[in-house]
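Geometric and topological summary
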Amino acid sequence: MKRNPHIQPLTETIEDQVAGNPLLNIDTFIIPSPYIRDPDIEKDRDYSCVWVDEGEILGYMLVYTDRYKRNFHIYKLVTSPFGRGRGIGTAFIESLASKIPGNGRVYLYIWEKQGDTIEFFQNKGFRQGEPIVYRNLVYCHMLADKHDILVLDRRKQQVAPLASEEIGKTRHDARKTLRLMSNMVDMLSMDNADRIIEDINRETTTMINMLNSYRDNLLASHTVNLQDVILERIIPYIEASTTPCELHLELKTRGAFVPGSFVNIGRALINMASNSLDAISDSGRRGVIRISLLRDVDHILLELEDNGTGIPKEKLTIGKDGLPAFVGVTTKGNKTGEGLGTRQIYATFGAENIDVVSRPGEGTVWKIRLKKISGKMDKWHIQMERRLNEFKVLWEKPDVHEGASRNAVIASIWQLRKMEIFLFDLILKFSKFHNIRVIFRTVLSYVEGALSREKFEEELSSYRCEDESMKLWLLEISQEIKARKEKLKTARKEEDFRGALFKSYGQALNNIIIFTMNPENGNFRATDRKLAEHLDFAPYLKKDKEQLVRGEFIGDMNNDKKPIILGVWTVTSDEDLMTKLKLIRSAAQRLLEMGIHPSKKVSFYQTTYIRHSEDIDSNASCTFRELTECSDDDLRRFTRPADDEFQNFFAAAD
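What you see is a predicted model, and the numbers here were worked out from it, not measured in a lab.

Tallying secondary structure elements over the protein gives 19 helices and 26 strands in all. Residues classed as buried in the protein amount to 52% of the 654 residues present. At a minimum sequence separation of 6, the contacts of the protein that also span at least 24 residues come to 71%. Counting every atom, the protein has about 31,200 Å² of accessible surface; 48% of that belongs to carbon and sulfur.

Let us look at the sheet that holds strand β18 (residues 524-528). An order of β18-β17-β19-β20-β22-β25 is seen for the 6 strands of this open sheet, with the pairing classed as mixed. Each edge of the open sheet is held by one strand with a lone partner, namely β18 and β25 (621-623). In this sheet, neighbouring strand axes are inclined to one another by 25° on average, regardless of whether the strands run parallel or antiparallel. Bridging between strand β17 (residues 512-517) and strand β19 (residues 549-554) involves 6 bridges; their strand directions are antiparallel. Of the residues in β19, the one forming a bridge with Phe515 is Gly551.

What follows deals with the sheet that holds strand β11 (residues 245-251). One open sheet accounts for 5 strands, arranged β11-β13-β14-β16-β15; its pairing is mixed. What marks the edges here is a single partner per strand, and that holds for β11 and β15 (354-359). Each strand axis lies, on average, 10° off the axis of its neighbour in the sheet, ignoring direction.

The next thing to look at is the pairing of strand β9 (residues 137-145). The element β9 is extensively covered by neighbouring structure, given that 8 of its 9 residues are classed as buried. Of the strand pairs in this sheet, strand β7 (residues 127-128) and β9 are connected by 2 bridges, and their pairing is antiparallel. Following the sheet pairing, Arg127 is matched in β9 by Leu143. Hairpin connection from strand β8 (residues 132-134) to β9: 2 residues lie between these consecutive antiparallel strands, with Arg135 at a positive phi of about 50°.

Let's shift gears to the nonpolar core. Leu474, Phe502 and Ile564 are the most contacted members of the largest nonpolar core, which has 113 residues in total. No other element matches helix α11 (residues 406-428), which puts 13 residues into this core. Ile564 has contacts with Phe502, Phe515, Glu552, Phe553, Met557, Leu591, Ile596, Lys600, Lys601, Val602, Ser603 and Phe624, leaving out every residue within four places of it along the chain. Counting residues in each nonpolar core, the second largest holds 36 residues, with Leu226, Ile230, Ile289 and Ile354 among its members.

Right, let's talk about helix α9 (residues 340-349) for a bit. Among the 10 residues in α9, 7 count as buried, and that is most of the element. Among the residues making up α9, those that are buried are Leu340, Gly341, Thr342, Gln344, Ile345, Tyr346 and Phe349. Gly350, located one to two residues past α9, shows a positive phi value of around 90°.

In total, this model carries 31 salt bridges according to the counting rule given. Notably, a salt bridge pairs Arg441 with Asp536, separated by 3.1 Å at the nearest N-O pair. A residue pair is termed long-range when its members are at least 10 positions apart, and Arg441 in helix α12 (residues 436-447) and Asp536 in the loop between β18 and α16 (538-541) qualify at 95 residues. Assessed through its relative accessible area of 31%, Arg441 is described here as partly exposed. The salt bridge partner of Glu486 is Lys482, with a shortest N-O separation of 3.3 Å. One end of the pair is Glu486 and the other is Lys482, both in helix α14 (residues 469-491) and 4 residues apart, which spans about a single turn. In the salt-bridge network here, residues are joined through shared partners; they are Arg437, Arg441, Glu533 and Asp536.

The phi dihedral of Lys69 is positive, around 55°, even though this residue is not glycine. By the secondary structure assignment, Lys69 is in the loop between β4 (56-65) and β5 (71-79). A positive phi is found at Lys542, a non-glycine position, where the angle reads about 55°. With respect to the helices and strands, Lys542 occurs in the loop between α16 and β19. Under the relative-accessibility criterion, Lys542 is labelled exposed at 71%.

Take the packing of α11 against α12 next. Relative to each other, α11 and α12 sit at 140°, their axes nearing to 9 Å. By the angle between their directions, the pair α11 and α12 is classed as oblique. As α11 packs across α12, the resulting crossing turns out to be right-handed. Touching Leu423, Phe424, Ile427 and Leu428 of α11 are Ile436, Ile439, Phe440 and Val443, all from α12. Split into classes, the residues belonging to the contact of α11 with α12 amount to 8 nonpolar, no polar and no charged.

This paragraph deals with the packing of aromatic side chains. Here the structure, examined in full by the defined rule, presents 21 aromatic pairs. Ring geometry for Phe502 against Phe515: centres 5.1 Å apart, planes inclined by 90°, an arrangement best described as edge-to-face. Of this pair, Phe502 sits in helix α15 (residues 498-503) while Phe515 sits in strand β17, and the two are 13 residues apart along the sequence. Here Tyr505 and Phe524 contribute two aromatic rings whose centre-to-centre distance is 6.3 Å and whose plane-to-plane angle is 75°, an arrangement assigned as edge-to-face. Of this pair, Tyr505 sits in the loop between α15 and β17 while Phe524 sits in strand β18; the two residues are 19 residues apart in sequence, bridging distant segments of the chain. Accessibility expressed as a relative area gives 3% for Tyr505, which makes it buried. Looking at Phe524, the relative accessible area reads 8%, which means it is buried.

So, about the pairing of strand β14 (residues 299-306). Inspection of the sheet shows strand β13 (residues 287-296) paired to β14 by 8 bridges, in the antiparallel sense. Paired with Arg290 across the strands is Glu305, a residue of β14. Taken together, β13 and the strand that follows it, β14, pair antiparallel across an intervening segment of 2 residues, in which Val297 is found at a positive phi of about 55°. Judged from the 8 bridges that link them, β14 and strand β16 (residues 363-371) form a sheet pairing that is antiparallel. Residue pairing across strands places His299 opposite Lys371, the latter belonging to β16.

Analysis parameters
Residues numbered from 1 in each chain as written. Predicted model: local features only at pLDDT ≥ 70, side-chain atom pairs only at ≥ 80, totals over all residues. Heavy atoms only, no water. Helix = DSSP H or I, 4+ residues; strand = E, 2+ residues; numbered from the N terminus. Buried < 20%, exposed > 50% of the residue type's maximum accessible area, 1.4 Å probe, protein only. Contact = heavy atoms within 4.5 Å. Areas by Shrake-Rupley, 256 points an atom, 1.4 Å probe, with all protein chains shown as cover. Pairing = 2+ DSSP bridges. Axes fitted to C-alpha atoms, helices over the stretch in contact; angles between N-to-C directions. Core = buried A, V, L, I, M, F, W, Y, C linked by side-chain atoms within 4.5 Å. Salt bridge = Lys/Arg side-chain N within 4 Å of Asp/Glu carboxyl O. Parallel < 35°, antiparallel > 145°, perpendicular 65-115°, else oblique. Left-handed = near helix turned anticlockwise from the far one by under 90°. Nonpolar A, V, L, I, M, F, W, Y, C, P; charged D, E, K, R; others polar. Phe/Tyr/Trp six-rings, centres within 6.5 Å; stacked < 30°, edge-to-face > 60°.

What follows is the structure, given as structure tokens:
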């Protein structure tokens, strides 16, 4: 195996650095003693290692071995929040397997409720041995021979889709989402503004997730509720279409859980609905689309029927590749089209699960038959329960009190952010029955002390959700977040830890985080973009919005190529424009003081309320160093003539 340049031996000096690095100690789980299986086993730095990137330690693996070098115990395998998603854990395991002599055995212990971690090691070739009980908790014994891990490493080589084909699919689906949002904008009125804006927010999030999926090449499969996809994605898409169409919906199963990716299945069904709408438009008659969902023993049956132009008989002929002739070929007549939609449908569901019946001039029926996943708890529920249990059972809470050590305070801050990210994901699950922004505002009021516990519990009791346990989770995690925030305030002055308070949101690798900041003192509030507006935080910062700066970012703060976006709400005059540019420059200076790299990119929002001929240039970008070193006159280069297209719409949306 080719040596990974980031992997270095774990020396005694580096081990001391690891022990003092809060980012490598925030997930301080209770784990069995390394001697529980073999009292003679010893720490072995020759087989332990760290991951170093640009001088920063992003992960480490601590290994114990027996005297004969036959058994290798992975006692700790830790990745910094800024290193997650880089394959560090996989690289450590493969590096260890390549170094151990003969056919040595690797083993470790994992708490039984950490299903994702168990699955991760199973995918690396590990199998389960006899469990053990330690401190009244049950731990799985995971073990693998060196040969098993290395064979898996060779076996994992797969042929990836052509980049040109993947980006073509992404373009194709992004166009459809943009067309849908354009139709929604056309429908916008005083009567439906709240609903349409919420729909546009959801579709924007969907497109971001889709583009992130392409960017990160995420191929993981999980559990998807087809009913949710239909209600959240397909119905709004059809309703927003300019093609006159009746929609008949028949849902005869409550739990339509199937294996797959929510994004990919959503894309496939959007493509099916889009083709139906195009066929109806070509027919020249008022359309009818029927969607039905029912359960047949251990399968879920989905049908989508339209009364469009239909597909010619010759195009339904199955070819040597097992696909009908129309797959990969546009069926839009004289209209433009690449035929990518049908390819994506068959790639998502599989040809063996699809049956297409069509009569030219009368319409088409798509019949999809998918294996049902038994049980009412989908993978989301299991993962969330596991995360909550980690907070409640496994974490050894840092000793935070007045005068506590800096490392203890920083570790507590990073644990607090993990809880907040869990809270974001939990609130999003209430979107089926509630406006999630209202729920977040209620939680925020409680955490900030503006709402009593009694009133908070009363409000929670009125919420609807798929599982009553979700309300208890929401109460428990909100109480823990509030308690930890209050304890942090007593430990040390907030200004001493603003860097950790801000950068710790970088753990939310898949969330777009918005924040509102007071540049005068660096105080800020932040959350997931889907849950709030920047103005929601203004009352808690005790400043008028004209003295605040709004911003957003996504992912690792140490990735300088990912920009932090900054902006303001209004620009009313030339003098006000310069005042707001100076305000943004002050916010950038505060962020540098918080530990943001001077070389990190910064870009700008379009101003929400444009009442002047000039605006901040949302197409401009620079580094934080360049922005903070700009003179007042140089700030002019970040302006441009105001663009008021959709101006009133954006004002309403924010």
